Amino acid sequence: MKPEFATEESMRAYYAQRAPEYEAVYHKPERQATLRRMEAWLPPLFAGRRVLEVACGTGWWTPHAAQQASAWLATDLNEETMAVARAKPQKPGCVQFARADAYTLAEVQGQVFDAAFIACWWSHIPLARLDAWLATLHCALQPGAFVLHVDNAFVQTSSSPITRRDDEGNTYQTRSLSDGSTHEVLKNFPTAAEAIARLGQRARDARWHDFTHYWALSYTLT
Ligand SMILES: C[S@@+](CC[C@H](N)C(=O)[O-])C[C@H]1O[C@@H](n2cnc3c(N)ncnc32)[C@H](O)[C@@H]1O
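Here is a short report on the structure shown in this document.

Considering the site of the ligand
Moving on, step 1. Taken together, 19 residues form the shell around the ligand, and within it Tyr22, Tyr26, Ala55, Asp76 and Ala102 come nearest.
Moving on, step 2. Measuring from an oxygen atom of the ligand, one finds a side-chain N or O atom of tyrosine 22 at 2.8 Å.
Moving on, step 3. Backbone polar atom of alanine 119 to a nitrogen atom of the ligand: 2.9 Å apart, as the coordinates give it.
Moving on, step 4. Taken together, the residues that form the shell around the ligand break down as 13 nonpolar, 4 polar and 2 charged.

What follows is the structure, encoded as structure tokens:
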């Protein structure tokens, strides 16, 4: 069956359907060494912080990254993915979950965060929406907040191939689920310079971290 073109709704629905099998991607043998390195790198970055996690999915990163945080709110639009995350052992009294749309973050307005963690979400944002999305994220954070984006690097031998590029420069992959369905997914792979150029005027001390199968971008907000 020919996949439908990716839309905001098809992306949400794809991840809801994929929730039970999502974490297979974290069992790929070639990524294990990198993942162990990142698990060790993450906890001190959020030590003592009140953290907003956007698009947490099944919460694969949450138990690692939240270890030293003082409070951690993990959010996602899909209850299906968050149900997997909620079932995991989490740092007691620290990690909570809430449904929130990453594009508006309306559901977390008024809460105080001095850090944000966002994994594998930047790559799914259409380029035309990226600046507005970053502005929305930054608005939800206090001055001095620490921000960390983690996302997939394109690795020929490990990543799904790019199947389409649109007029705006977004790239797409065609992915299959275990029920045989196929889905077109918007997935961009920015360079360090392209990502840093998007951060806007409040970002200071931007640093790009190369983890072979993943990239990370950290900065502090004025
Ligand atoms: C690639 S997964 C990333 C999950 C997790 N952060 C990780 O790195 O394993 C993308 C997540 O975005 C969520 N999502 C899709 N549309 C969303 C939206 N508009 N707002 C918030 N989350 C959304 C999906 O439910 C899915 O869990």
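Things to note about the sheet that holds strand 8 (residues 182–186)
Moving on, step 1. Spatial ordering of the open sheet is given by 6-7-8, a layout of 3 strands whose pairing is antiparallel. Sheet topology places strand 6 (162–165) and strand 8 at the edges, where each strand pairs with a single neighbour. Taking the axes of each pair of neighbouring strands and ignoring which way they run, one obtains an average angle of 35 degrees across the sheet.
Moving on, step 2. Bridge count between strand 6 and strand 7 (residues 171–176): 3 bridges; the pairing is antiparallel. Counted as the bridge partner of arginine 164 is tyrosine 172 from strand 7.
Moving on, step 3. Across the sheet, helix 1 (residues 8–18) is in contact with strand 7 and strand 8; its angle to strand 8 comes to roughly 125 degrees.

Re the pairing of strand 4 (residues 115–119)
Moving on, step 1. Among the 5 residues of strand 4, 5 are classified as buried, and the element is accordingly described as predominantly covered.
Moving on, step 2. Neither face of strand 4 is open: one carries Ala115, Phe117 and Ala119, the other Ala116 and Ile118, and all of them are buried.
Moving on, step 3. In the sheet, strand 1 (residues 50–54) pairs with strand 4 via 4 bridges, with the strands oriented parallel. Considered in strand 4, the bridge of glutamate 53 is made with phenylalanine 117.
Moving on, step 4. The β-α-β motif built from strand 4, the intervening helix 5 (residues 127–139) and the parallel element strand 5 (residues 146–152) has right-handed crossover chirality.

With respect to the packing of aromatic side chains
Moving on, step 1. Within the structure shown, the criterion is met by 17 aromatic pairs.
Moving on, step 2. Relative to phenylalanine 211, the ring of tryptophan 41 lies with its centre 4.8 Å away and its plane at 55 degrees, an arrangement referred to as tilted. Of this pair, tryptophan 41 sits in helix 2 (residues 32–41) while phenylalanine 211 is found in strand 9 (residues 203–211), placing the two residues 170 residues apart along the sequence.
Moving on, step 3. Given the relative accessible area of 6%, phenylalanine 211 is considered buried.
Moving on, step 4. Where phenylalanine 154 meets phenylalanine 189, the ring centres are 5.2 Å apart and the plane angle is 75 degrees; that geometry is what we call edge-to-face. Note that phenylalanine 154 is positioned in the loop between strand 5 and strand 6 and phenylalanine 189 in the loop between strand 8 and helix 6 (192–197), a separation of 35 residues in sequence.
Moving on, step 5. Phenylalanine 189 gets classed as partly exposed once you look at its relative accessible area, which sits at 21%.
Moving on, step 6. Feature note: the residues Tyr14, Tyr15, Tyr22, Tyr26, Phe46, Trp60, Trp61, Trp72, Phe117, Phe146 and Tyr214 constitute an aromatic cluster, connected by ring pairs.

About the cut-offs
Residues numbered from 1 in each chain as written. Predicted model: local features only at pLDDT ≥ 70, side-chain atom pairs only at ≥ 80, totals over all residues. Heavy atoms only, no water. Near = heavy atom within 4 Å. Polar contact = N/O pair within 3.5 Å; in protein donor to acceptor, adjacent residues only side chain to side chain. Nonpolar A, V, L, I, M, F, W, Y, C, P; charged D, E, K, R; others polar. Pairing = 2+ DSSP bridges. Helix = DSSP H or I, 4+ residues; strand = E, 2+ residues; numbered from the N terminus. Axes fitted to C-alpha atoms, helices over the stretch in contact; angles between N-to-C directions. Contact = heavy atoms within 4.5 Å. Buried < 20%, exposed > 50% of the residue type's maximum accessible area, 1.4 Å probe, protein only. Right-handed = clockwise from strand over helix to strand, strands pointing away. Phe/Tyr/Trp six-rings, centres within 6.5 Å; stacked < 30°, edge-to-face > 60°.

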